[in-house]
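# Per-entry structural report
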Amino acid sequence: MFSRLFFLLSESFKGIFRAKIPALISSMTIAITLIVFSIAYYSYMNLIDYSFEFKKRYRIDVFFNTDISSSDGKSIFDNILLIEGIEQGKFIGKNEAADIFRAYFDAEIQDVIGSNILPLGGKFDVSPRYRNPSAMEVLVRKIKKMERVDQASYRSGLITRID
């Protein structure tokens, strides 16, 4: 009786020790799979959040003719704000344009060219109803037709890919 019990216990422990390597390999495989799935899930969620954040900020950049005064630029800016589909905007004066130039090129515009010849302009956010490529193209054409507007653009390639 004791010999049978001893035999069963000894064989049980031998079986556990024999299966130690396959059990360890299985556990490691499961752990690695869970890590890969977790990283993929968090990457996907961050990408979705980023695309939603971008969709909230559809923007049209407008540059005015270089020969206009600041008051004329603000008047044109106000007229653009009245267009249906434009939600809000930010006027970009010569000093703000110089700050943007400094941020992108890490140099002062006066040092590079000798004077600040950057145009006045504005950045305009689009209403949610107009946040698609065709509606934004219509808005850009309306803005370009305005007197003393030199250029109006938006990121059409990126918007087309996200939509």
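That block above? That's the structure.
As a starting point, this report considers the structure included with it. For every chain, the first residue of the written sequence is number 1, and numbering continues from 1 onward in sequence order. Under the rules for a predicted model, residues below a pLDDT of 70 receive no local features and side-chain atom pairs below 80 are neither given nor counted, while totals for whole chains, interfaces and linings still include all residues. The side-chain figures draw on all heavy atoms in the structure; neither hydrogens nor water molecules are used.

## As for the sheet that holds strand β1 (residues 59-64)
Pairing in this open sheet of four strands is antiparallel, and the strands run β2-β3-β1-β4 from one edge to the other. The sheet is open, and its two borders are formed by β2 (86-92) and β4 (149-153), each paired with just one other strand. Direction aside, neighbouring strands of the sheet carry axes that sit 20 degrees apart on average. Both β2 and strand β3 (residues 121-126) contribute to a ladder of six bridges, which runs antiparallel. Within the sheet, the bridge partner assigned to Ile-92 lies in β3 and is Gly-121. Here helix α3 (residues 70-81) sits on the sheet in contact with β1, β2, β3 and β4, set at roughly 170 degrees to β2. Only heavy atoms enter the contact rule, under which two residues are in contact if any of them lie within 4.5 Å. Axis definition: a line fitted to C-alpha atoms, over the contacting stretch in the case of helices. Angles run 0 to 180 degrees between N-to-C directions. The helix count covers DSSP runs of H or I at least four residues long, the strand count covers runs of E at least two residues long, and both are numbered beginning at the N terminus. The strands touched by helix α4 (residues 94-105) within the sheet are β2 and β3, with β2 carrying the most contacts at an inclination of about 85 degrees. What makes two strands pair is DSSP finding at least two bridges between them.

## Thoughts on the nonpolar core
The definition of a nonpolar core used throughout is a set of buried Ala, Val, Leu, Ile, Met, Phe, Trp, Tyr and Cys residues joined through side-chain atoms within 4.5 Å. Partly exposed residues are those whose accessible area sits between 20% and 50% of the maximum for their type, while under 20% is buried and over 50% is exposed, using a 1.4 Å probe and protein chains only. Within the largest apolar cluster, 23 residues are counted, with the highest numbers of intra-cluster contacts made by Ile-60, Val-62, Phe-64, Ile-80 and Ile-143. The set of elements that each furnish at least two residues to this core consists of β1, α3, β2, β3, α6 (133-145) and β4. With five residues, the single largest contributor to this core is α6. When sequence neighbours within four positions are dropped, the list of residues in contact with Ile-60 reads Ile-86, Gly-122, Lys-123, Phe-124, Val-126, Met-136, Leu-139, Val-140, Ile-143, Ser-153 and Tyr-154. Counting residues in each nonpolar core, the second largest holds six residues, with Ile-92, Ala-97, Phe-101 and Ile-109 among its members.

## Details of unusual backbone geometry
With a phi close to 55 degrees, Asp-106 is a non-glycine residue in the positive phi region. Examined against the element boundaries, Asp-106 turns out to sit in the loop between α4 and α5 (109-113). Looking at Asp-106, the relative accessible area reads 70%, which means it is exposed.

## Observations regarding the environment of Gly-93
Residue position: Gly-93 is located in the loop between β2 and α4. Gly-93 gets classed as buried once you look at its relative accessible area, which sits at 7%.

## Observations concerning the pattern of salt bridges
The salt bridge criterion pairs a side-chain nitrogen of Lys or Arg with a carboxyl oxygen of Asp or Glu, the two atoms within 4 Å. In the structure shown here, the tally under the stated rule is seven salt bridges. Between Asp-125 and Arg-59 there is a salt bridge whose closest N-O contact spans 3.3 Å. In this pair, Asp-125 is assigned in strand β3 and Arg-59 in strand β1, connecting sequence segments 66 residues apart. Residue classification places Arg-59 among the partly exposed residues on the basis of a relative accessible area of 31%. Residue Glu-84 is joined to Arg-129 by a salt bridge in which the shortest nitrogen-to-oxygen separation is 2.7 Å.

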